[in-house]
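# A closer look at the structure
Here is what each chain is made of, one letter per residue.
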Amino acid sequence: MSAETILETQGLTKEFKGFVAVNNVDLKVRRGDIHALIGPNGAGKTTFFNLLTKFLPPTRGTINYRGTDITHERPAQTARRGIVRSFQISAVFPHLTALENVRAALQRNLGTSFHFWKPERSLHHLHGRAMELLHAVDLQGFADELTVNLPYGRKRALELATTMALEPELMLLDEPTQGMGHEDVHRVTQLIKKVSAGRTILMVEHNMNVVSSIADRITVLQRGAVIADGPYAEVSRNPQVVEAYMGSADNELQGAH
C-alpha cells in the first residue's frame, strides 16, 4: 500500500444466500481525495459501505486502512481508527439544540459520553469547539435552535458538524444530498468541499452535478462489481458507464457539467 493510499480493498465480496451484492471489489482511496462511489440503484454501494464500517462481515476479501488489515475488526475499533460514517438518514437528536448535538458528539470523542449525571456547566469547556464546528458548516446562527425545527438541508449540515466533531481522518458520507432541493444541494456540496480540507472523503452520491463538481476520483459499481474507476471526465465517457445509467432519469451522466 503506497503512502498516499489511505484505504484499500482487495477482492472484497459479500454474498447473501447465493446473491452476490458486492463482487470482488478492488478499490484504492487516496489520502486527501474526495472519492465518489456511484452506480444505479441496487449496485451494491450501501452494502460496500456496510462492509467498510463492519456492520456486515465480508464473505471474502480484505480491507486495509493506513497499511493495517482491519477486515475482521469490530465496528467500534474501526471507528476509533478515524473512520466515521454519516448516515443516509439524518442521525442527530431532534430535541436537542444544534449546539447540544455537536457538544454530545465532542463528548463521545472525549470518552465522557455516558456522564449524563454531570451538571450542564461541566460541558461548558466544549462550547468553544462546538461553536467553531457550527461555524464551519454555516450554522452559527442556528446554535440555540432545536434540531427538529431546522430545515432538512440544515439538518444534514449539522450532521456534517457532528461527524467532524469525532475528528475523522476518513469520512464516509452516504448520499449526503439525498432528498434535497436545488439550493440545499448546492450549499451542502460546498460544505463537503470545505470540510474536506485535511481529511479524506469517500461518498456514495446519486447526484451527478455534485459528483462532477467536487469528486477527485470516481468508482462506478454495477451489480456489485467495479465497471470504471478514474476522474469524472474519463469515467463519464466510458461506454459501459453511459449504458449503465441509460433509462434512469435521475442519473443523467451526460447532463452534469
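Each remark here, short or long, concerns the structure printed above.
Because the structure is a prediction, the values reported are computed rather than measured.

Right, let's get into the side chain of Glu 73. By the element assignment, Glu 73 lies in the loop between β5 (68-69) and α2 (75-80). For Glu 73, the side chain forms a polar contact with the side chain of Arg 81, separated by 2.6 Å. Beyond its immediate sequence surroundings of up to four residues, Glu 73 is in contact with Lys 54, Thr 78 and Arg 81.

Once that is clear, we can look at the nonpolar core. Judged by nonpolar contacts, the single largest core of 48 residues is most densely connected at Val 102, Val 137, Met 203, Ile 218 and Val 220. Tallying contributions element by element places helix α5 (residues 152-165) first for this core, with six residues. Ignoring anything within four residues of it in the chain, the contact list for Val 137 reads Ala 157, Leu 160, Ala 161, Met 164, Leu 191 and Val 195. Counting 23 residues, the second-largest nonpolar core is a separate cluster that includes Phe 49, Leu 51, Ile 63 and Leu 172.

Turning our attention to the sheet that holds strand β7 (residues 170-174). Spatially, the six strands line up as an open sheet ordered β6-β7-β8-β3-β9-β10, and their pairing is mixed. Unpaired on one side and paired on the other, β6 (83-86) and β10 (225-230) mark the two borders of the sheet. Across the sheet, the axes of successive neighbouring strands diverge by a mean angle of 20°, strand direction being ignored. The pairing of β7 with strand β8 (residues 200-204) spans five bridges and is parallel. Paired with Leu 170 across the two strands is Thr 200, which belongs to β8. Against the sheet, α5 contacts β6 and β7, and its axis sits at roughly 155° relative to β7.

On to the pairing of β8, then. The two faces of the sheet receive side chains in turn, since in a regular strand these alternate between them. Judged by how many residues are buried, β8 sits mostly within the fold: five of five residues are covered. Of the two faces of β8, the one carrying Thr 200, Leu 202 and Val 204 and the one carrying Ile 201 and Met 203 are both buried. Judged from the four bridges that link them, strand β3 (residues 34-38) and β8 form a sheet pairing that is parallel. Opposite Leu 37, over in β8, you have Val 204 as the bridge partner. Between the parallel pair β7 and β8, the chain is carried across by helix α6 (residues 182-195), and the sense of this crossover is right-handed.

Those residues of helix α4 (residues 127-136) that sit buried are Ala 130, Leu 133, Leu 134 and Ala 136. The arc that holds the buried residues of α4, viewed along the axis, is 155°, so those residues lie on one side.

Rules and cut-offs
- Residues numbered from 1 in each chain as written.
- Predicted model: local features only at pLDDT ≥ 70, side-chain atom pairs only at ≥ 80, totals over all residues.
- Heavy atoms only, no water.
- Helix = DSSP H or I, 4+ residues; strand = E, 2+ residues; numbered from the N terminus.
- Polar contact = N/O pair within 3.5 Å; in protein donor to acceptor, adjacent residues only side chain to side chain.
- Contact = heavy atoms within 4.5 Å.
- Core = buried A, V, L, I, M, F, W, Y, C linked by side-chain atoms within 4.5 Å.
- Buried < 20%, exposed > 50% of the residue type's maximum accessible area, 1.4 Å probe, protein only.
- Pairing = 2+ DSSP bridges.
- Axes fitted to C-alpha atoms, helices over the stretch in contact; angles between N-to-C directions.
- Right-handed = clockwise from strand over helix to strand, strands pointing away.
- Arc of directions from axis to C-beta.

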